[in-house]
Amino acid sequence: MDNKSVMLPKWIDKIIFDDFEAVYEPRPMEVVYNPDQPYEFIKLYLGTYFPRSFAEVYSIIASLMTNDNYKQSLYNLQEINILDFCCGTGGEIIGLLVALSENLPNLKRVNINAYDANPDAIRFLYHLTESVERAPEFRLEIHINPQCIYIESEQEIQEVINMSNMQYHFMMSFKAINEFVQHGTFNENNPYELIASYFSPLLKANGIFIISDITTKVDNGALYYPQMMNSGINRFLKNSQQYKSIVPNACYHYESQCSGCYMQDIFYVSHREKNNDISKIAYRIICNKSFAQEVMAGYPSKTCRAINPLADKNTSYNLWH
């Protein structure tokens, strides 16, 4: 596996396709909104979109670990806390766990709080992590608390925050916030800004928050979800003055100048049902400002569309090299 092309580990391939009877069948129009999807659809999601999420997070973390400043901040930890908001069947969680297992030899235990609106996805995730923990190829002890929570207001996000009895080394929300946009859940408020503002105080001093989403247009209009994401996150960072981006590299240097550009990163994943399945996402990684300064020390800025409109929209993800 390299940073952009991932082969789903054979033992995970076996778990999802043999043990859980996952089905590979892309249905892009049907995954737009997931809370009400039936049990059989979850098996389709597990076979099609779980591997993509696995590859995305595995690749992001593997690349981040090439930053020595960041890796050293976690290297001696034996226990790590994770929160996943809108976790689905858990592809990003398993991708994160595999990447951490490969990079942090002292790590023994992970504590995971996972939230999603689909009860079948939550049930799958619980049993899936049981299977992963039992696999001889996997060495970490998993303690997961998956909860079914349907978010219809800011108050319900606050309730999720209130349930969190710890701070986190990793927080994630992958390809889900667009659903709040589509359904106008928070009225005129930018959901990316709102979710970043609620969850960021839960970060440990060396914790990171990965916010990811799809790269299509909002309601077939002129605006892309990455533009809305960047505008919202940049506004949150400017107003709080306590947090900064570390990924994309250029955002650390130029986020104060950006009004919301279009970004995209491309990943490939192969498994028994599909070779080089493609996934396109945009994402930001934010953390406490002082930790961001430690992580970014010695790393020069990359080209950015905020200062060069003709820059390749993939260039800003060139993290450290």
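Attention in this report is confined to the structure presented alongside it. (Residues numbered from 1 in each chain as written. Predicted model: local features only at pLDDT ≥ 70, side-chain atom pairs only at ≥ 80, totals over all residues. Heavy atoms only, no water.)

This paragraph deals with the overall build of the protein. Counting its regular elements, the protein contains 12 helices and nine strands. When each of the 321 residues of the protein is scored for burial, the buried share is 61%. Restricting to contacts in the protein with at least 6 residues of sequence separation, those with at least 24 account for 79%. When the 26 basic and 36 acidic side-chain charges of the protein are each reduced to a single mean position, those positions are 7 Å apart. (Helix = DSSP H or I, 4+ residues; strand = E, 2+ residues; numbered from the N terminus. Buried < 20%, exposed > 50% of the residue type's maximum accessible area, 1.4 Å probe, protein only. Contact = heavy atoms within 4.5 Å. Lys, Arg positive; Asp, Glu negative; His and termini not counted. Charge placed at Lys NZ, Arg CZ, Asp CG, Glu CD.)

Counting residues in hydrophobic clusters, the biggest one holds 107 residues, and the most contacted among them are Phe 199 and Ile 208. Residue contributions to this core peak at nine residues, all from helix α3 (residues 50-64). In this structure, Phe 199 is in contact with Leu 83, Phe 85, Ile 157, Val 160, Ile 161, Met 171 and Phe 209, ignoring residues within four places of it in sequence. (Core = buried A, V, L, I, M, F, W, Y, C linked by side-chain atoms within 4.5 Å.)

With that settled, consider unusual backbone geometry. Here Val 247 and Pro 248 are connected by a cis peptide whose omega angle stands at -5 degrees. One non-glycine residue with positive phi stands out, namely Cys 86, at about 70 degrees. Cys 86 sits in the buried class, given a relative accessible area of 18%.

Secondary-structure assignment places Ile 307 in the segment after α12 (289-296). Given a relative accessible area of 44%, Ile 307 falls into the partly exposed group. For the pair Ile 307 and Gln 257, spaced 50 residues apart in the sequence, the C-alpha separation amounts to 8.1 Å. With sequence-adjacent residues up to four places away left out, Ile 307 is seen in contact with Tyr 254 and Gln 257.

What follows is about the packing of helix α1 (residues 10-19) against helix α6 (residues 119-134). At their nearest, the axes of α1 and α6 sit 11 Å apart, and the two run at 145 degrees to each other. Crossing angle aside, the handedness with which α1 passes α6 is right-handed. Side by side, α1 and α6 meet where Trp 11, Ile 15 and Ile 16 of the first sit next to Leu 128, Ser 131 and Val 132 of the second. Of the residues that constitute the contact of α1 with α6, the class distribution is five nonpolar, one polar and no charged. (Axes fitted to C-alpha atoms, helices over the stretch in contact; angles between N-to-C directions. Left-handed = near helix turned anticlockwise from the far one by under 90°. Nonpolar A, V, L, I, M, F, W, Y, C, P; charged D, E, K, R; others polar.)

By the definition in use, this model includes 13 salt bridges. For Glu 21, the salt bridge is made with Lys 43, and the minimal N-O distance between the two is 3.5 Å. Pair noted here: Glu 21 is in the loop between α1 and α2 (39-48) and Lys 43 is in helix α2, with a separation of 22 residues, a long-range link. With relative accessibility at 11%, the residue Lys 43 sits in the buried group. (Salt bridge = Lys/Arg side-chain N within 4 Å of Asp/Glu carboxyl O.)

With that settled, the discussion passes to the packing of aromatic side chains. All told, the structure shown has 12 aromatic pairs when counted by the stated rule. Taking 5.1 Å as the distance between ring centres and 40 degrees as the angle between the ring planes, the aromatic pair formed by Tyr 45 and Tyr 49 counts as tilted. The exposure class of Tyr 45 is buried, given its relative accessible area of 17%. Overall, the relative accessible area of 7% leaves Tyr 49 in the buried class. (Phe/Tyr/Trp six-rings, centres within 6.5 Å; stacked < 30°, edge-to-face > 60°.)

Moving on, we get to the packing of helix α7 (residues 154-163) against helix α9 (residues 191-199). Helix packing geometry: the angle between the two helix axes and the distance between the axes. At a minimum axis separation of 10 Å, α7 and α9 run at an interaxial angle of 30 degrees. It follows from the interaxial angle that α7 and α9 lie roughly parallel. α9 is crossed by α7, and the crossing has right-handed handedness. Residues Glu 154, Ile 157, Gln 158, Val 160 and Ile 161 of α7 lie in contact with α9, whose contacting residues are Leu 194, Ile 195, Tyr 198 and Phe 199. (Parallel < 35°, antiparallel > 145°, perpendicular 65-115°, else oblique.)

Let us look at the pairing of strand β7 (residues 243-247). Of all the five residues making up β7, five are buried; the element is thus mostly covered by neighbouring parts of the structure. In this structure, β7 lies alongside strand β9 (residues 274-288), joined through four bridges in antiparallel fashion. Bridging across to β9, Lys 244 finds its partner in Cys 287. (Pairing = 2+ DSSP bridges.)

Attention now moves to the pairing of strand β6 (residues 203-214). By the criterion of burial, β6 is predominantly enclosed, with nine of the 12 residues buried. Pairing of strand β5 (residues 168-174) with β6, which is carried by six bridges, proceeds in the parallel orientation. In the sheet register, Phe 174 faces β6, and the bridge partner there is Ser 212. Of the strand pairs in this sheet, β6 and β9 are connected by seven bridges, and their pairing is antiparallel. Paired with Phe 209 across the strands is Ile 286, a residue of β9.

All right, on to α7 then. Counting along an α-helix, one turn takes 3.6 residues, and residues three or four places apart therefore face a common direction. Among all positions in α7, only Ile 157, Val 160 and Ile 161 are buried. What you see down the axis of α7 is that its buried residues fit within an arc of 100 degrees, all on one side. As for α7, its buried residues are in contact with β3 (109-116) and α9. (Arc of directions from axis to C-beta.)

By themselves, these figures tell us nothing about what the structure is for.
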